[in-house]
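Coordinates in review
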Amino acid sequence: MPRLAIAGCGIMGRRHVRGLAQLRQIGNRSFELVAVCDPVCEAAAALADLAALELGSRPLVCSSLSEALAKTAIDALDITTAPALHPVLASEAFAAGLHVLVEKPIALTVRAGQAMVEAARGAGRVLAVAENYRRDPINRLARALIVSGAIGRPYL
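Note that the structure is a prediction, hence the values are computed from the model and not measured.

Overview of the overall build of the protein chain
If you tally the helices and strands in the protein chain, you get six helices and six strands. Seen through its principal axes, the protein chain has C-alpha atoms that stretch 55 × 35 × 25 Å. Every one of the 156 residues in the protein chain was classed for burial, and the buried ones make up 33%. Of the roughly 9200 Å² of accessible surface on the protein chain, a fraction of 58% belongs to carbon and sulfur atoms. Here the protein chain contributes 17 positive and 13 negative side-chain charges, whose respective centroids are spaced 9 Å apart.

Some details on the side chain of threonine 81
Locating threonine 81 in the fold gives a position in the loop between strand S4 (76-79) and helix H4 (86-95). Under the relative-accessibility criterion, threonine 81 is labelled buried at 17%. Ignoring anything within four residues of it in the chain, the contact list for threonine 81 reads Ala7, Gly8, His86 and Leu89.

As for a positive patch on the surface
Taken together, Arg134, Arg135, Arg140 and Arg143 make up a surface patch of like positive charges. Along the polypeptide, arginine 143 turns up in helix H6 (residues 137-148).

Looking at the packing of aromatic side chains
Counted under the stated rule, the structure contains zero aromatic pairs. The side chain of arginine 24 reaches across the aromatic face of phenylalanine 31, ending 4.5 Å from its centre.

Remarks on the sheet that holds strand S2 (residues 32-37)
Spatially, S3-S2-S1-S4-S5-S6 is the arrangement adopted by the six strands of the open sheet, whose pairing is parallel. Each edge of the open sheet carries a strand with a single partner, namely strand S3 (60-62) and strand S6 (127-130). If you compare each strand with its neighbour and ignore which way they point, the axes differ by 20 degrees on average. Pairing analysis gives four bridges linking strand S5 (residues 99-103) to S6, with the strands arranged parallel. Paired with glutamate 103 across the strands is alanine 130, a residue of S6.

Quick look at the state of the cysteines
A covalent bond between the sulfur atoms of two cysteines is referred to as a disulfide. Counted under the stated rule, the structure contains zero disulfides. With no disulfide partner, cysteine 9 has as its closest neighbouring cysteine sulfur the one in cysteine 37, 6.8 Å distant. Overall, cysteine 9 belongs to the buried group, its relative accessible area being 2%. Cysteine 37 provides the cysteine sulfur closest to cysteine 62, a residue in no disulfide bond, and the two sulfurs are 5.1 Å apart.

Here we look at the pattern of salt bridges
A side chain with one charge can pair with a side chain of the opposite charge if their charged atoms come near. Following the criterion strictly, the structure yields five salt bridges and no others. Across the pair arginine 58 and aspartate 49 runs a salt bridge whose closest N-O atoms are separated by 2.9 Å.

Things to note about a nonpolar patch on the surface
On the surface, Ile138, Leu141, Leu145, Ile146 and Ile151 cluster together to form a nonpolar patch covering roughly 460 Å² of accessible area. Along the chain, isoleucine 151 turns up in the segment after H6.

What about the side chain of threonine 80?
Here threonine 80 is to be found in the loop between S4 and H4. Contacts of threonine 80, omitting those with residues within four sequence positions, involve Ile6, Ala7, Gly8, Met12, Gly13, His16 and Glu103.

Focus: helix H1 (residues 11-25)
If you check H1, its first and last C-alpha atoms are 21 Å apart, about what 15 residues at 1.5 Å a residue would give, namely 21 Å. Residues of H1 that are buried include every one of Gly13, His16, Val17, Leu20, Ala21 and Arg24, and no others. Here the buried residues of H1 occupy an arc of 145 degrees about the axis, which is enough to place them on one side. Turned more than 90 degrees away from the buried face of H1 sit Ile11, Arg15, Gln22 and Gln25, all of them exposed. Summarising the contacts, the buried residues of H1 are in contact with strand S1 (3-7), S2, helix H2 (41-55), S4, S5 and S6. Where H1 ends, the next residue or the one after it, glycine 27, has phi of about 95 degrees, a positive value.

Conventions used here
Residues numbered from 1 in each chain as written. Predicted model: local features only at pLDDT ≥ 70, side-chain atom pairs only at ≥ 80, totals over all residues. Heavy atoms only, no water. Helix = DSSP H or I, 4+ residues; strand = E, 2+ residues; numbered from the N terminus. Buried < 20%, exposed > 50% of the residue type's maximum accessible area, 1.4 Å probe, protein only. Areas by Shrake-Rupley, 256 points an atom, 1.4 Å probe, with all protein chains shown as cover. Lys, Arg positive; Asp, Glu negative; His and termini not counted. Charge placed at Lys NZ, Arg CZ, Asp CG, Glu CD. Contact = heavy atoms within 4.5 Å. Patch = residues over 30% accessible without salt bridge, like charges linked within 9 Å, V, L, I, M, F, W, Y side chains within 5 Å. Salt bridge = Lys/Arg side-chain N within 4 Å of Asp/Glu carboxyl O. Phe/Tyr/Trp six-rings, centres within 6.5 Å; stacked < 30°, edge-to-face > 60°. Lys NZ or Arg CZ within 6 Å of the ring centre and 35° of its normal. Pairing = 2+ DSSP bridges. Axes fitted to C-alpha atoms, helices over the stretch in contact; angles between N-to-C directions. Disulfide = S-S within 2.5 Å. Expected span 1.5 Å × (residues − 1). Arc of directions from axis to C-beta.

Encoded structure:
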């Protein structure tokens, strides 16, 4: 069973825990949240409490990814921090052999995003961006209209 950690215990971290709970509700129990990481200890503790309530077990509370890695085995990292921290955490995760899911935007610059993609390739690990609107029916319709040429050539 894959062991997950979340780095970033604010609003988006809470949304991801609730998303994990929804996966559990539909029968996907193929993961375990083992750690939550945030330099603000109160935020990490609050997210761990929410995880205990929503997922049935309380993950470790850590102030950093390095602390979590020292305390428990982790297979994948869910990054929900401020975007400026995404490349740093992803780099640390790939160096530790973890797969990474990162909230959008992937990074603040194209160069930083490309470095994350290359780090994932170099480590042989998956880097995924949490883009929840990609499969939205209205967005799929818009793409189909653009691709088919039905609305002409878009300029913006």
